[in-house]
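Structure at a glance
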Amino acid sequence: MTTLERLTNQRNITTITFDMDDTLWDFQAAMGRALELTLERLRVMAPGDAARKLTVRRMMEIRDEVASELGEGATTQEEIRYTAMVRTVEHVGFRARGAAEELYRLYWEARVAGARPYDDVAGVLEALQGRFRLGIISNGNNTPQMVGLDDVFDFTVFAHECGFPKPDPRIFEFALAGFGDKPDSVAHVGDSLQSDVLGANNYGMLSVWLNRDGVANETGITPHREIGNLTELLDIL
């Protein structure tokens, strides 16, 4: 028995929480495609050098600037994205009424259309159901139902609901308050070292870093366990 297995057994894990975006579904790919379609439409609406020179990367930067100003967790992701669309339209000097609304709708429809779970998700969640209480703790706004994971989770908590984005330990406390779970009986699985692993570590949970792309960890943040795909979670628990 490995050290981690002994640690897991000692903790008596009863609840497993998951991040949503880029943990259970490929949010980055869906977002990138949605922004590409939005940019194509903007270039038709506002022909000229400014729109032609605009890139998806710059659109993402604008969104991050808005999120920093409004505050992750202090407002909804919908409000952040819509405000970013308004600012993107202004960035290319386009002032047509309703342009931001049209682009926001196009983005949202395209992103939802591209929402589906990773191939390893459904089988793993099915294997865990009934053995553990399952929950979602996310800084985003994508529900399990949006990616076809209906009737799987016992609870879902989003940062905009409680005002505390990960890695703030208060979002974990908020999520578990209704069940009386102690932190050391909960495992949290996520793709972000900064948000998921650091947050879980700080709250005293068992942190599991889902590193699908095999990137090097140069952050100094140490997960209790690293896995390359979700199926490996079954070997831990």
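Please refer to the structure placed before this passage.
Described below are features of the structure shown in this document. (Residues numbered from 1 in each chain as written. Predicted model: local features only at pLDDT ≥ 70, side-chain atom pairs only at ≥ 80, totals over all residues. Heavy atoms only, no water.)

Description of helix α9 (residues 169-176)
- Within the span of α9, buried status applies to I171, F172, A175 and L176. An end-on view of α9 places all buried positions within 125° of arc, on one side of the element.
- Where the residues of α9 are buried, they touch β1 (15-18), β2 (133-138), β3 (155-158), α8 (159-162), β4 (186-190) and α10 (193-203). (Buried < 20%, exposed > 50% of the residue type's maximum accessible area, 1.4 Å probe, protein only. Helix = DSSP H or I, 4+ residues; strand = E, 2+ residues; numbered from the N terminus. Arc of directions from axis to C-beta. Contact = heavy atoms within 4.5 Å.)

Thoughts on unusual backbone geometry
- Omega for the bond connecting K166 with P167 falls within 30 degrees of zero, at 15°, which places this linkage in the cis form.
- By secondary structure assignment, the location of P167 is in the loop between α8 and α9.
- Even without being a glycine, D22 presents a positive backbone phi close to 65°.
- Tracing the backbone through its elements, the reader meets D22 in the loop between β1 and α2 (27-45).
- With relative accessibility at 14%, the residue D22 sits in the buried group.
- Within the chain, D151 stands out as a residue other than glycine whose phi angle is a positive 55°.
- By the secondary structure assignment, D151 is in the loop between β2 and β3.

Some remarks on the pairing of β2
- Counting buried residues along β2, 5 of its 6 residues qualify, which places the element largely inside the surrounding structure.
- Of the strand pairs in this sheet, β2 and β3 are connected by 4 bridges, and their pairing is parallel. Its bridge partner lying in β3, S138 is registered against F158. (Pairing = 2+ DSSP bridges.)

Remarks on the nonpolar core
- Core analysis: the biggest nonpolar cluster contains 50 residues, and I16, F18, L24, L134, F153 and L233 have the highest contact counts within it.
- If one sorts the elements of this core by residue count, α2 sits on top with 8 residues.
- In this structure, I16 is in contact with L128, F132, R133, L134, G135, A187, V189 and L237, ignoring residues within four places of it in sequence.
- The next biggest cluster of nonpolar side chains, apart from the first, holds 12 residues, and it includes A159, C162, A175 and V186. (Core = buried A, V, L, I, M, F, W, Y, C linked by side-chain atoms within 4.5 Å.)

Points about the pattern of salt bridges
- Evaluation of the coordinates by the stated rule reveals 12 salt bridges.
- One salt bridge in this structure joins D19 and K166, with 2.9 Å as the shortest N-O distance. Here the residue D19 occupies a position in the loop between β1 and α2, and K166 occupies one in the loop between α8 and α9, the gap between them amounting to 147 residues. Across the pair, K166 and D19 agree in class, each one buried.
- K166 is paired through a salt bridge with D196; the nearest N and O atoms lie 2.7 Å apart. Of the two residues, K166 is situated in the loop between α8 and α9 and D196 in helix α10; the sequence distance between them amounts to 30 residues. For the pair K166 and D196, a shared accessibility class is recorded, and that class is buried.
- One salt-bridge network, in which partners are shared between bridges, spans D19, K166 and D196. (Salt bridge = Lys/Arg side-chain N within 4 Å of Asp/Glu carboxyl O.)

Structural notes on the packing of α2 against helix α5 (residues 77-91)
- Their axes nearest at 13 Å, the elements α2 and α5 cross at an angle of 35°. Crossing hand, α2 versus α5: right-handed. Across the interface between the two elements, M31, L35, T38 and L42 from α2 touch R81, M85 and T88 from α5. (Axes fitted to C-alpha atoms, helices over the stretch in contact; angles between N-to-C directions. Left-handed = near helix turned anticlockwise from the far one by under 90°.)

Let's talk about helix α4 (residues 56-70)
- Taking 1.5 Å per residue, 15 residues should reach 21 Å; α4 reaches 21 Å between its end C-alpha atoms and fits that length.
- Looking at α4, one finds that the buried residues are M59, I62, R63, V66 and A67. Seen along its axis, α4 keeps its buried residues to an arc of 140°; they face one direction. Looking at α4, the residues exposed on the side facing more than 90 degrees away from the buried face are R57, S68 and E69.
- Against the buried residues of α4 lie α2 and α5.
- One or two positions beyond α4, positive phi appears at G71, with a value near 95°. (Expected span 1.5 Å × (residues − 1).)

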